[in-house]
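Structure assessment
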Amino acid sequence: MARYNKIFAGPVTQTTPQVTEAPASVAILPGSVLILTDGKFVPAGASATGKVYIAQDNYLTLGGVDEAYAAGDVTIGMEMLDQQFFNARVAAGINLSKGTALSPGADGALTIAAAGSKMVVAFSDETFNNTTGSAQLVRVRAAKGYLTAAE
């Protein structure tokens with residue numbers, strides 16, 4: 001059971017995020033960090049570059065945050081703006097404090113950014129110790145919505 005039931009977390013005074021729709025290259029869980037590759041959404045990995053999106057819960061099919069988009073399904077990717085909050089997937093075994101810098105890890109889940117990393121996409125907005133054994137939704141504030149290769 002997810003800790004949160006929505007991916008976009010506000011603030012309510014903001015217009016809802018802009019979205020892009022594209023087919024999923026593989027099964028994608030809502031809250032995963034994505035990039036577009038060859039016209040398809042791909043979970044962002046540690047060496048990914050490009051514009052960053054976050055997979056929205058599939059409200060069109062009344063899907064919850066734990067219901068994955070199947071490979072080939074049209075996936076809704078929200079643009080991550082730095083003044084908005086999202087509930088994003090954070091990898092298992094990660095111990096976060098509020099303000100921790102996060103980078104893409106495996107399968108679109110976020111992990112703690114390495115020291116000096118230029119791949120920071122979000123900052124934790126809560127303290128959470130993920131000892132659940134699976135990726136969990138954690139409230140984050142988006143950093144800038146682009147990844148750049150490390151120099």
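The paragraphs below set out a description of the structure included in this document. (Residues numbered from 1 in each chain as written. Predicted model: local features only at pLDDT ≥ 70, side-chain atom pairs only at ≥ 80, totals over all residues. Heavy atoms only, no water.)

1. Digging into the side chain of glutamine 136
With respect to the helices, strands and loops of the structure, glutamine 136 is situated in strand 14 (residues 136–142). On the basis of relative accessibility, which here comes to 11%, the residue glutamine 136 falls in the buried class. Reaching out from glutamine 136, the side chain makes a polar contact with the side chain of serine 134 at a distance of 3.2 Å. (Helix = DSSP H or I, 4+ residues; strand = E, 2+ residues; numbered from the N terminus. Buried < 20%, exposed > 50% of the residue type's maximum accessible area, 1.4 Å probe, protein only. Polar contact = N/O pair within 3.5 Å; in protein donor to acceptor, adjacent residues only side chain to side chain.)

2. Describing the sheet that holds strand 7 (residues 74–79)
Here 5 strands make up an open sheet; going across it, the order is 2-7-6-3-4 and the pairing antiparallel. With one partner strand each, in any of the chains shown, strand 2 (19–23) and strand 4 (40–43) form the two edges of the open sheet. Looking at each pair of strands side by side, their axes are set apart by 45° on average, direction ignored. (Pairing = 2+ DSSP bridges. Axes fitted to C-alpha atoms, helices over the stretch in contact; angles between N-to-C directions.)

3. What about the packing of aromatic side chains?
Between two aromatic rings, the relevant description is the distance of the centres plus the angle of the planes. Using the criterion set out here, one finds 2 aromatic pairs in the structure. Ring geometry for phenylalanine 8 versus phenylalanine 86: centroids 5.8 Å apart, planes at 65°, classification edge-to-face. A residue pair is termed long-range when its members are at least 10 positions apart, and phenylalanine 8 in strand 1 (residues 8–10) and phenylalanine 86 in strand 8 (residues 85–90) qualify at 78 residues. With respect to burial, phenylalanine 8 and phenylalanine 86 carry one shared label: buried. Measuring from centroid to centroid gives 5.3 Å for phenylalanine 41 and tyrosine 53, while their planes differ by 70°, and the two rings are edge-to-face. Here the residue phenylalanine 41 occupies a position in strand 4, and tyrosine 53 occupies one in strand 6 (residues 53–55), the gap between them amounting to 12 residues. Taking NZ or CZ as reference, arginine 139 lies 4.7 Å from the ring centre of tyrosine 4, over its face. (Phe/Tyr/Trp six-rings, centres within 6.5 Å; stacked < 30°, edge-to-face > 60°. Lys NZ or Arg CZ within 6 Å of the ring centre and 35° of its normal.)

4. Some points on the nonpolar core
Counting 26 residues, the largest nonpolar core has Ile54, Met80, Phe86, Leu110 and Val140 as the members making the most contacts within it. With 4 residues, the single largest contributor to this core is strand 14. Membership of the second largest hydrophobic core comes to 7 residues, among which are Ala22, Ala24, Leu34 and Phe41. (Core = buried A, V, L, I, M, F, W, Y, C linked by side-chain atoms within 4.5 Å.)

5. Describing unusual backbone geometry
One non-glycine residue, aspartate 38, lies in the positive phi region at around 55°. The residue aspartate 38 is located in the loop between strand 3 (33–37) and strand 4 in this model. One non-glycine residue, aspartate 107, lies in positive phi territory at about 55°. Within the fold, aspartate 107 resides in the loop between strand 10 (101–104) and strand 11 (110–112). For aspartate 107, a relative accessible area of 68% translates into the label exposed.

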